[in-house]
Amino acid sequence: MITCVVDYVIDAAKLPDFERFAAAWMRLVQREGGVHHGYFLPAEGASDEARALFSFESLAAYERYRTLFGVDPDFIEADKIREESGCVVRYRRTFMRPLLPDDEPGDEPGDEDG
């Protein structure tokens with residue numbers, strides 16, 4: 001499994017637009033076989049940070065999902081929310097491998113020892 005962590009700097013005055021953007025992408029990740037773990041939004045005090053986490057079974061599965069950007073009408077519509085509203089100032093994407101409570105440290109899928 002690979003988890004994509006997206007760190008956003010958002011325009012806090014446009015939080016409702018960002019929430020619409022987030023809702024659209026959660027549906028699309030799910031539709032394409034991913035598991036969306038949610039968006040994490042500012043809760044208290046002034047903040048311009050938000051985060052999203054979603055997983056696919058493999059990097060290849062994630063890359064199949066990425067081929068739909070700019071092609072699939074639903075992807076284009078979802079991205080249009082960001083473009084037209086200006087709710088996202090910038091973002092950074094990182095890929096991580098989760099270690100879950102039932103996992104043994106060092107065990108990865110395909111390990112001969114595990």
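Since the model is a prediction, treat every value here as computed from it, not as a measurement. (Residues numbered from 1 in each chain as written. Predicted model: local features only at pLDDT ≥ 70, side-chain atom pairs only at ≥ 80, totals over all residues. Heavy atoms only, no water.)

Right, let's get into the side chain of Asp-72. In this structure, Asp-72 sits in the loop between helix 2 (59–66) and helix 3 (73–85). A polar atom in the side chain of Asp-72 sits 2.8 Å from the backbone nitrogen of Asp-74. (Helix = DSSP H or I, 4+ residues; strand = E, 2+ residues; numbered from the N terminus. Polar contact = N/O pair within 3.5 Å; in protein donor to acceptor, adjacent residues only side chain to side chain.)

This paragraph deals with the sheet that holds strand 3 (residues 49–56). Taken together, the four strands give an open sheet; going across it, the order is 2-3-1-4, and neighbouring strands pair in antiparallel fashion. Each edge of the open sheet carries a strand with a single partner, namely strand 2 (35–40) and strand 4 (88–96). Taking each pair of neighbouring strands and ignoring which way they run, the sheet shows an average axis angle of 15 degrees. The pairing of strand 1 (residues 2–10) with strand 3 spans eight bridges and is classified as antiparallel. Paired with Asp-7 across the two strands is Arg-51, which belongs to strand 3. (Pairing = 2+ DSSP bridges. Axes fitted to C-alpha atoms, helices over the stretch in contact; angles between N-to-C directions.)

Its 13 residues give helix 3 an end-to-end C-alpha distance of 18 Å, which sits within 8% of 18 Å, the value for a rise of 1.5 Å per residue. Within the sequence span of helix 3, burial applies to Phe-75, Ala-78, Asp-79, Ile-81 and Ser-85. Of the surrounding elements, those touching the buried residues of helix 3 are helix 1 (15–31) and helix 2. Measuring from the side-chain oxygen of the N-cap residue of helix 3 to the backbone nitrogen of Asp-74 gives 2.8 Å; that N-cap residue is Asp-72. (Expected span 1.5 Å × (residues − 1). Buried < 20%, exposed > 50% of the residue type's maximum accessible area, 1.4 Å probe, protein only. Contact = heavy atoms within 4.5 Å.)

On to the confidence of the model for the protein, then. Taken as a whole, the protein shows an average pLDDT of 90; of its residues, 92% reach a score of 70 or greater. Contacts from residues 110–114, a stretch scored under 50 in pLDDT, to residues over four places away or in other chains number two contacts. (pLDDT = per-residue confidence, 0-100.)

So, on to the UniProt feature "domain: NIPSNAP" (unreviewed entry) in the protein. UniProt feature "domain: NIPSNAP" (unreviewed entry): in the numbering of this structure it lies at residues 7–99. A distance of 20 Å separates the end C-alpha atoms of residues 7–99, which is 41% helix and 29% strand. (UniProt positions renumbered as here; feature names shortened; annotations may be inferred.)

The tally for this structure, following the rule as stated, stands at 19 aromatic pairs. Between Phe-21 and Trp-25 the ring centres are 6.4 Å apart and the planes differ by 70 degrees, which places this aromatic pair in the edge-to-face class. Placement of the pair is Phe-21 and Trp-25 together in helix 1, with a separation of four residues, close to one helical turn. Accessibility classification places Phe-21 together with Trp-25 in one group, the buried group. (Phe/Tyr/Trp six-rings, centres within 6.5 Å; stacked < 30°, edge-to-face > 60°.)

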